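Residues per chain are reported as follows:
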Amino acid sequence: MDIDIVGGGLAGLTAAVAGAERGANVTLYESHETLGGRARSSAPPHIANEGPHVLYAGRPMRWLEERGLLPPVRRMPTAALAGARARYGGRIAVPPMGMLWAAARRGLRAPVDEDFGSWATGKFGAETAQALGKAGGVALMDHDPGRLSAAFVWDRFQRATAPGPPPVFYVLGGWTNLVEHMARRARAMGVRIETGARVSELPAGPPGTPVVVATSLASARSLLGDESLAWESGHTFLLDLGLRSTGREPSVVFDLDEGGFVERYTGIDPTLAPRGEELVQAQMPVRPGERRAEVVERLEGFLDTALPGWRDRVTWRRDQEAWGRSGALDLPGTTWRDRPAVDRGRGVYLAGDSVAAPGLLGEVSITSAVAAANAAVSHASVLTA
């Protein structure tokens, strides 16, 4: 039985392995000359992911680990999180005490149909509610988390602040290592991978061959001619920096004023920058109608507060704007179940980080890809029976 996959990012490679694992003859088509999608990293000597990529402890990571698909990873040390800082009220300051009290409310459940700002204000007060929403910048990448579903934002906050060691893992050497590791395993399992293969219509395989479309929703919408393939996502500006080290940089700085985020990745993996340098990745959500120069000014202002003197230490810089590339955001009244379904009918299946599957960011890609591959194999089995 045959399965075609369009897209060679995290979702596409996951679907390829899952399909081959069940005995399918899998062909994967990737339009770029290299695999990875948004899981690509920049070339050395400064190795930066396309945004703040991490793996979270949970079922999707276990799925990768159980199949030997993970290259070396490192958990965020508790000491690194203890050394985190926050911008609050325009300066590096202690977050409002209400945030600590909110983090302790493990049994509290938030409603799906109310916006987070209104719900959290009623529970914790307006000041704490705003800080809670902005603290989720690294996972939400949205200018106004208070407008999103209360359940959506609260679930992510609770997961990030769960008791015990930080549930965050970093792929050593950058996410390109993860992509290459998965690609090698896929090829070893017999998956045929074609790069530089731009697909403008569904692959013309044997009649009835199921297809997994593992692309962005925008690309899937164009490929399938289905205007319903749309969902709310973030719009953010990303800044990667190589900085001469001072030995005094904080590991993480949360922006409780505007939802930005700064992280020193070389604090976890020194190989990401040349000796004597730090790799820093920062992001700032873009406001509606905001010009690029304006958001750059806001992000650089945040860096002035978080990393004083950074401008005089820059050895490398990369600017990017990400629109609709930071995963699904659920508005009030919606959950992951309301997003575009995996099964599109007639042997076509969807996978990616904005599809109807549970999880946080990349976890949605993995979970939806496994579901899509399993459904495609079942579809092919019926046709060949």
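Residues numbered from 1 in each chain as written. Predicted model: local features only at pLDDT ≥ 70, side-chain atom pairs only at ≥ 80, totals over all residues. Heavy atoms only, no water.

Asker: Tell me about helix α2 (residues 59-66), and please be specific about residues and values.
Answerer: Considered for burial, the residues of α2 that qualify are P60, M61, W63 and L64. Down the axis of α2, the buried set is contained in an arc of 155°. They therefore lie on one face. In α2, the exposed positions that point more than 90 degrees away from the buried face belong to R59, E65 and E66. Of the residues flanking the end of α2, it is G68, one or two places downstream, whose phi is positive at about 70°. (Buried < 20%, exposed > 50% of the residue type's maximum accessible area, 1.4 Å probe, protein only. Helix = DSSP H or I, 4+ residues; strand = E, 2+ residues; numbered from the N terminus. Arc of directions from axis to C-beta.)

Asker: Let's hear about the pattern of salt bridges: which residues, and what values?
Answerer: Scanning the entire structure with this criterion turns up 26 salt bridges. Taking the shortest distance from any N to any O, the salt bridge between R67 and E21 comes out at 2.8 Å. A residue pair is termed long-range when its members are at least 10 positions apart, and R67 in the loop between α2 and β4 (73-75) and E21 in helix α1 (residues 10-21) qualify at 46 residues. Overall, the relative accessible area of 40% leaves E21 in the partly exposed class. E294 is the partner of R291 in a salt bridge, and the nearest nitrogen-oxygen pair spans 3.3 Å. Among the residues examined, E294 registers a relative accessible area of 30% and is labelled partly exposed. The structure contains a network of salt bridges with shared partners spanning R87, D255, D257, E258, R287, E290 and R298. (Salt bridge = Lys/Arg side-chain N within 4 Å of Asp/Glu carboxyl O.)

Asker: Pulling in residues and values, what's your account of the layout of surface pockets?
Answerer: There is about 1,100 Å³ of room inside the second largest pocket. L81, A135, A160, T161 and F254 are, among the 45 residues lining the second largest pocket, the residues nearest its centre. Of the residues in the lining of the second largest pocket, the class split is 37 nonpolar, five polar and three charged. (1 Å grid on protein atoms, 1.4 Å probe; cavity = no way out; pocket = protein on both sides within 12 Å on 5 of 7 lines; lining within 4 Å. Points joined across faces, edges and corners; volume = space filled by probe spheres on them. Nonpolar A, V, L, I, M, F, W, Y, C, P; charged D, E, K, R; others polar.)

Asker: I'd like a description of the environment of A356, backed by residues and values.
Answerer: Within the secondary structure layout, A356 lies in the loop between β16 (348-350) and α12 (362-384). Taking C-alpha positions, A356 is 17 Å from L140, a pair spaced 216 residues apart along the chain. Beyond its immediate sequence surroundings of up to four residues, A356 is in contact with W336, R337, R339, P340, A341 and V342. (Contact = heavy atoms within 4.5 Å.)

Asker: I'd like to hear about helix α5 (residues 116-124), residue by residue, with values.
Answerer: Owing to its 3.6 residues per turn, the α-helix aligns residues three or four sequence positions apart on the same side. By the burial criterion, the buried members of α5 are F116, W119, A120 and F124. Along α5, the residues classed as buried sweep out an arc of 100° about the axis, all on the same side. Tucked inside the fold, the buried residues of α5 contact α4 (97-103), α6 (126-135) and α8 (150-160). Two or three places before G117, at the opening of α5, D115 has a side-chain oxygen 3.1 Å from that residue's backbone nitrogen. Count one or two residues on from α5 and you reach G125, which has phi positive near 95°. (Polar contact = N/O pair within 3.5 Å; in protein donor to acceptor, adjacent residues only side chain to side chain.)

Asker: Can you tell me about the packing of aromatic side chains, naming the residues and giving the values?
Answerer: Two numbers describe a pair of aromatic rings. These are the distance of the centres and the angle of the planes. Throughout the structure, instances matching the rule amount to eight aromatic pairs. Each ring, one from W119 and one from F124, has its centre 6.0 Å from the other, and the planes form 90°; the classification is edge-to-face. The burial state of W119 is the same as that of F124; both residues are buried. Ring geometry for F254 and F261: centres 5.4 Å apart, planes at 70°, overall edge-to-face. Within the aromatic cluster, the residues linked to one another by ring pairs are W101, F116, W119, F124, W154 and F157. (Phe/Tyr/Trp six-rings, centres within 6.5 Å; stacked < 30°, edge-to-face > 60°.)

Asker: Quick rundown of the sheet that holds strand β9 (residues 211-213)? Include the residues and the values.
Answerer: As summarised here, the arrangement of the six strands in space is β8-β2-β1-β9-β16-β15, forming an open sheet in which the pairing is mixed. Here the strands that pair on one side only, and so sit at the sheet edges, are β8 (192-195) and β15 (343-345). Ignoring strand direction, the axes of neighbouring strands in this sheet form an average angle of 20°. Pairing geometry for strand β1 (residues 2-6) and β9, over three bridges, is parallel. Residue I5 lies in a different strand from β9, and its bridge partner there is V212. (Pairing = 2+ DSSP bridges. Axes fitted to C-alpha atoms, helices over the stretch in contact; angles between N-to-C directions.)

Asker: Could you give an account of the nonpolar core, with specific residues and numbers?
Answerer: Counting 53 residues, the largest nonpolar core has I5, L28, L55, W63, L64, V191 and V212 as its most contacted members. With eight residues, the single largest contributor to this core is α1. Leaving out residues up to four positions away in the same chain, V212 has contacts with I3, D4, I5, V6, A15, Y349, A351, A372, A373 and A376. In this structure, M99, L108, W154 and L256 belong to the second largest nonpolar core, which totals 25 residues. (Core = buried A, V, L, I, M, F, W, Y, C linked by side-chain atoms within 4.5 Å.)

Asker: Please set out unusual backbone geometry residue by residue, giving values where relevant.
Answerer: Of note, the bond from P44 into P45 is cis; its omega dihedral lies within 30 degrees of zero at 15°. Looking at where P45 falls in the secondary structure, it is placed in the loop between β2 (25-30) and β3 (55-56). In this model, L361 sits at a positive phi of 50°, which is unusual for a non-glycine residue. Here L361 lies in the loop between β16 and α12.

Asker: Summarise the pairing of strand β11 (residues 252-255); cite the residues concerned and give the values.
Answerer: In terms of strand pairing, strand β5 (residues 85-88) meets β11 through three bridges, oriented parallel. Bridging across to β11, R87 finds its partner in D255. Judged from the three bridges that link them, β11 and strand β12 (residues 261-264) form a sheet pairing that is antiparallel. In the strand pairing of β12, V253 is matched with V262.

Asker: Describe the pairing of strand β13 (residues 277-285), and please don't skip the residues or the numbers.
Answerer: In terms of burial, β13 is largely enclosed, as nine of its nine residues are buried. Side chains E277, L279, Q281, Q283 and P285 project from β13 onto one buried face, and the interleaved E278, V280, A282 and M284 project onto a second face that is buried too. Judged from the nine bridges that link them, strand β10 (residues 233-244) and β13 form a sheet pairing that is antiparallel. Across the sheet, the residue bridging to L238 is Q283, located in β13. Direction of pairing for β12 relative to β13: antiparallel, over a ladder of four bridges. Counterpart to E263 in the pairing with β13 is Q281.

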